[in-house]
Amino acid sequence: MKQLRLLLKKEFLELFRTKKALVLLIVFGIFGIMNPALAKLTPWMLSLMGDSLAEQGVTIGTIAVNALTAWTQYFKNLMMEYILILALFSGIFAQEYQSGTLINLLSKGVSREKAALSKLFAVLICWTACYWLTFGITLGYTAYFWENALPNGIWLATFCAYIMGVWLLSLQMAFASSLSSGMYALLLTGSVYVVFFALGMLPALTRFLPPRLGDGLALLTGDMQPSDFLPALWISLALTLIQSALCVLGIRKKQL
């Protein structure tokens, strides 16, 4: 455990040294502010466009915004958050392979398994901090602007969206540990997501596939029930464990 703690400390020092941690905290903080801010400003922006739209025969009625409008924006921004953190960590193994620093660590008695786990834990801890930072800021501003800042189903919906990020990151780490290119790991992760998304169009499969976890807004609006998410949630957790094991296996088999 001591060796793993030291490796984890090394990963976080690297994140701060390269400014990745700072970039993530700033960007995810901005996402948190944007969600309620865009909802609050929507009527004002539409009123500014009212005259030009009226000239084209388009009439805008009264726009009512509330807490649900802010959470709608929250779920719309999730894909950008996934892409950002996946892109930022896609080369976490490739950089070590290309620079040869991992070989130096292994020559000093560090096990490959602990090296892989330290990177996996660092990525997941970073995602956890950034994701819940966005959630906390969105919640705070939504509570300030409107009542009912926590609509029914919000905790399960946001937890499912968080687990989807965990699944995507563990999937990318499984690819990245055995590849020498972060771009390939990112592209393969995206390809797997597209395949699952396409399979989700089949009614018999959709409730079992990880992309279902991104549909949390439907839970808030009452279009879906908690039971509609549970199969995908359990399968995503199982896949995360399998992919984490593949991450360790990948670095164990990698020729350095």
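Quick caveat, the model's predicted, so the values are computed rather than measured. (Residues numbered from 1 in each chain as written. Predicted model: local features only at pLDDT ≥ 70, side-chain atom pairs only at ≥ 80, totals over all residues. Heavy atoms only, no water.)

**Re the side chain of Ser 236**
Here Ser 236 shows up in helix α11 (residues 230-253). Classification of Ser 236 by relative accessible area gives buried; the value is 0%. Ser 236 has contacts with Ile 163, Trp 167, Pro 210 and Leu 213, leaving out every residue within four places of it along the chain. (Helix = DSSP H or I, 4+ residues; strand = E, 2+ residues; numbered from the N terminus. Buried < 20%, exposed > 50% of the residue type's maximum accessible area, 1.4 Å probe, protein only. Contact = heavy atoms within 4.5 Å.)

**Quick notes on the nonpolar core**
Membership of the largest hydrophobic core comes to 55 residues, with the highest contact counts inside it found for Phe 75, Phe 89, Phe 93 and Trp 127. In terms of residue count, helix α8 (residues 154-176) provides more of this core than any other element does, 14 residues in total. For Phe 89, the residues in contact, after removing those within four places along its chain, are Leu 15, Leu 24, Val 123, Cys 126 and Gln 172. (Core = buried A, V, L, I, M, F, W, Y, C linked by side-chain atoms within 4.5 Å.)

**Regarding the pattern of salt bridges**
Counted under the stated rule, the structure contains 5 salt bridges. Two residues, Glu 113 and Arg 252, come together in a salt bridge whose shortest N-O distance is 2.8 Å. A residue pair is termed long-range when its members are at least 10 positions apart, and Glu 113 in helix α7 (residues 112-145) and Arg 252 in helix α11 qualify at 139 residues. Glu 113 gets classed as partly exposed once you look at its relative accessible area, which sits at 27%. Taking relative accessible area as the criterion, Arg 252 reaches 44% and is therefore assigned partly exposed. (Salt bridge = Lys/Arg side-chain N within 4 Å of Asp/Glu carboxyl O.)

Geometric values such as these leave the question of function open.
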